[in-house]
Amino acid sequence: MARILLLFLVVALGIIAARRILGTFREGANPDPGPAYRPHARSRGRSGSRQPPPPSAQAQVSRSMLSALRDALSGGPLDPDAELFRCADCQSFYSVASVRALALDNGARCINCGSMHRIGVEVVD
Ligand SMILES: [Zn+2]
């Protein structure tokens, strides 16, 4: 039993020593890594400064084109007989359920461009 404990202790110390050696090796290889990468939040000023579309604005989309498109949030197919919406800025399509989910979880902003503006979709044949 004492041998197993000793072996465990040796292995643990070896791992700690190896990490320290690797850590100093990495620091020594690149002493000045420069400024760290910081991802920027998406600019929302661009879409926010745009004029909202008029309330009567509607996008006309053919049924065949709609069959090739997907809901931008869920990734599911778009039902041409259901109420659909399109982002006024980036043309992403949404079902009513996705628009509700965006309103609850994303401040009603488009998942792709952050725009607040959506227009209804009129399906034409
Ligand atoms: Zn958009």
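Here, the structure is the one placed above.
Quantities reported herein were computed from a predicted structural model and do not represent experimental measurements. Along each chain, residues carry numbers from 1 onward, in the same order as the chain's sequence is written. Reporting of local features is limited, given that this is a predicted model, to residues whose pLDDT is at least 70; pairs of side-chain atoms are given and counted only at 80 or more, and all residues count toward the totals for whole chains, interfaces and linings.

**A short note on the sheet that holds strand S1 (residues 58–62)**
Taking strand neighbours across the sheet as the criterion, the four strands line up as S1-S4-S2-S3 in an open arrangement whose pairing is mixed. The sheet terminates laterally at S1 and strand S3 (93–95), the two strands that pair on one side only. Sheet twist, expressed as the average angle between the axes of neighbouring strands with direction ignored, equals 40 degrees. For two strands to be treated as a pair, DSSP must find no fewer than two bridges joining them. Numbering of helices and strands starts at the N terminus; helices are DSSP runs of H or I of at least 4 residues and strands are runs of E of at least 2. Both strand S2 (residues 84–87) and S3 contribute to a ladder of three bridges, which runs antiparallel. When the bridges of S3 are listed, Arg 86 appears paired with Phe 93. Here the contact rule is simple: place C-beta atoms from the backbone, and any two residues whose C-beta atoms are within 7 Å are in contact. For helices, the fitted axis covers only the stretch in contact; all axes are lines through C-alpha atoms, and the angles between them, taken along N-to-C directions, range from 0 to 180 degrees. In this fold helix H4 (residues 96–105) packs onto S2, S3 and strand S4 (118–124), with an angle of close to 95 degrees to the strand it touches most, S3.

**Notes on unusual backbone geometry**
Trans peptide bonds make up most of the peptide bonds, and negative phi angles are found at most residues other than glycine. If you check the backbone angles, Gln 91 has positive phi at about 70 degrees while not being a glycine. Take Gln 91: it is sitting in the loop between S2 and S3. In this structure, Ala 108 is a non-glycine residue whose phi angle is positive, near 65 degrees. Mapped onto the fold, Ala 108 is located in the loop between H4 and S4.

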